[in-house]
Amino acid sequence: MFKKTALVAGIGLALSVTAQADYQWELDAGYARGTFDYDFRNIPGLGNEGDSVDADIFNIGGTYFLETVDTSKGPLGEAAFLDRASSLGLAFTDGTVQLDGRDDEDAQTYNADMRYIAEGPGWKLSGAIVDLGYQREEAGDAQVDSYDLGLGYYIFQNTTAVVNYQRIDVNDGPDADAWSLDLEQFWAFGNGGLKARASGGKTYLSDSQDDPTTWLLGGTWYLNNNIGFGADYLQSDDDGFETQGFRVNAEWFITENFAVDLAYTDISPDDIDSPLSVLNPPIFGGKLEQSYDEIGISALYRF
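The following paragraphs examine the structure supplied in this document.

Definitions and limits used
- Residues numbered from 1 in each chain as written.
- Predicted model: local features only at pLDDT ≥ 70, side-chain atom pairs only at ≥ 80, totals over all residues.
- Heavy atoms only, no water.
- Salt bridge = Lys/Arg side-chain N within 4 Å of Asp/Glu carboxyl O.
- Helix = DSSP H or I, 4+ residues; strand = E, 2+ residues; numbered from the N terminus.
- Buried < 20%, exposed > 50% of the residue type's maximum accessible area, 1.4 Å probe, protein only.
- Patch = residues over 30% accessible without salt bridge, like charges linked within 9 Å, V, L, I, M, F, W, Y side chains within 5 Å.
- Areas by Shrake-Rupley, 256 points an atom, 1.4 Å probe, with all protein chains shown as cover.
- Phe/Tyr/Trp six-rings, centres within 6.5 Å; stacked < 30°, edge-to-face > 60°.
- Lys NZ or Arg CZ within 6 Å of the ring centre and 35° of its normal.
- Polar contact = N/O pair within 3.5 Å; in protein donor to acceptor, adjacent residues only side chain to side chain.
- Contact = heavy atoms within 4.5 Å.
- Core = buried A, V, L, I, M, F, W, Y, C linked by side-chain atoms within 4.5 Å.

A few points about the pattern of salt bridges
Moving on, step 1. This model, assessed by the stated rule, comprises 14 salt bridges.
Moving on, step 2. A salt bridge links Arg115 to Asp131; its shortest N-O distance comes to 2.8 Å. You can see Arg115 sitting in strand E4 (residues 105–117) and its partner Asp131 sitting in strand E5 (residues 128–139), a full 16 residues away along the chain.
Moving on, step 3. Arg115 sits in the partly exposed class, given a relative accessible area of 22%.
Moving on, step 4. Salt-bridge contacts for Arg197 lead to Asp232; the nearest nitrogen and oxygen are separated by 2.7 Å. A residue pair is termed long-range when its members are at least 10 positions apart, and Arg197 in strand E9 (residues 192–205) and Asp232 in strand E11 (residues 227–238) qualify at 35 residues.

Digging into a nonpolar patch on the surface
Moving on, step 1. Taken together, the side chains of Trp25, Leu27, Trp252, Ile254, Phe258, Tyr301 and Phe303 make up a nonpolar region of the molecular surface, amounting to roughly 690 Å² of accessible area.
Moving on, step 2. Residue placement: Phe303 occurs in the segment after strand E15 (287–302).
Moving on, step 3. For Phe303, a relative accessible area of 43% corresponds to the partly exposed category.

Some details on the packing of aromatic side chains
Moving on, step 1. According to the stated counting rule, one finds 13 aromatic pairs in the structure shown.
Moving on, step 2. Judged by centre distance (6.3 Å) and plane angle (80°), the rings of Tyr38 and Phe40 are edge-to-face.
Moving on, step 3. Look at Tyr165 and Trp179: their rings are 4.9 Å apart centre to centre, the planes differ by 50°, and that puts the pair in the tilted class. On the criterion of sequence distance, the pair formed by Tyr165 in strand E7 (residues 159–170) and Trp179 in strand E8 (residues 176–189) is long-range, its members being 14 residues apart.
Moving on, step 4. What links up through ring pairs into an aromatic cluster is the set Trp25, Tyr64, Tyr301 and Phe303.
Moving on, step 5. A cation over a ring is seen here: Arg84 above Tyr154, with NZ or CZ 4.2 Å from the ring centre.
Moving on, step 6. Against the face of Phe81 rests Lys195, its NZ or CZ located 4.0 Å from the ring centre.

Things to note about the side chain of Gln108
Moving on, step 1. When you line up the elements, Gln108 lands in strand E4.
Moving on, step 2. Here Gln108 falls in the buried class, since its relative accessible area comes to 18%.
Moving on, step 3. Of the polar contacts made by the side chain of Gln108, one reaches the side chain of Asp94; its length is 2.9 Å.
Moving on, step 4. Residues within four places of Gln108 in sequence aside, it is in contact with Phe92, Thr93, Asp94, Arg136, Glu137 and Glu138.

What about the nonpolar core?
Moving on, step 1. Phe81, Leu82, Ile117, Ile129, Tyr154, Val162, Phe186 and Tyr222 form the largest nonpolar core, which has 8 residues in total.
Moving on, step 2. Ignoring any residue separated from it by four or fewer positions in sequence, one finds Ile129 in contact with Arg115, Tyr116, Ile117, Gly150, Leu151, Gly152, Tyr153, Tyr154, Thr160 and Val162.
Moving on, step 3. Ranked by size, the runner-up nonpolar core spans 5 residues in total, among them Tyr23, Phe65, Ala79 and Ala85.

As structure tokens, this is what we get:
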């Protein structure tokens, strides 16, 4: 009897350790297919014309956490946030735009980022957040370098506020400075929970007096520790010209270490009146309608 009890206890302990699946490394890869549609409407002398451009986007990335991440505190998708985990990350994105009758255009993006969260019993700085990041975008002859700095704090147990600054240097265009405030909050209930997020910011362009503003509202509802459904709404305003977008996604941790994510994004700028008025000679009248749709799938593995 004692041997059977010990065997059952040992199996239960082994299963509980496996189920918790704490991790220190995270690898991810994804593919997305996007379509940009544009339609000229009621252009004098031209009437209605339109076309679409497709894009294929591949990405791969990896994150190393300075300490093992505890996955027992809530949904697996929020493990690093709930455990206040510091990390280092690298990512690469390659995109191809398919142009009718012309050679395809390629673009690459390289990312490196770091998040440090101060932790320690009785330490006055415990909960402080420092984010650092660098991104380089290369598309044809254009090169864009972005430098990021974020300072924040866990103002409550599961609530963060981070003030961000970004410097954007463009080799053949205007430079920019951007400021934003990000807020995140997680509420646990049952076997799942709700993650809410909000962001607002302003970008200052070096060659313009019209500085665009951007804000975002979103959240992810977790049915349990393995499945979550997210939705985000984004709006930007540049001197009255607005762009609106939304994104929905579904995340499923098939095992404690492996997850898949399916996402759909739609971006719709305001119509542009008299879009050909910049030509010489100008053509006045009509409008330009634009939209961008993207569907993507990605996978994540932890160990």
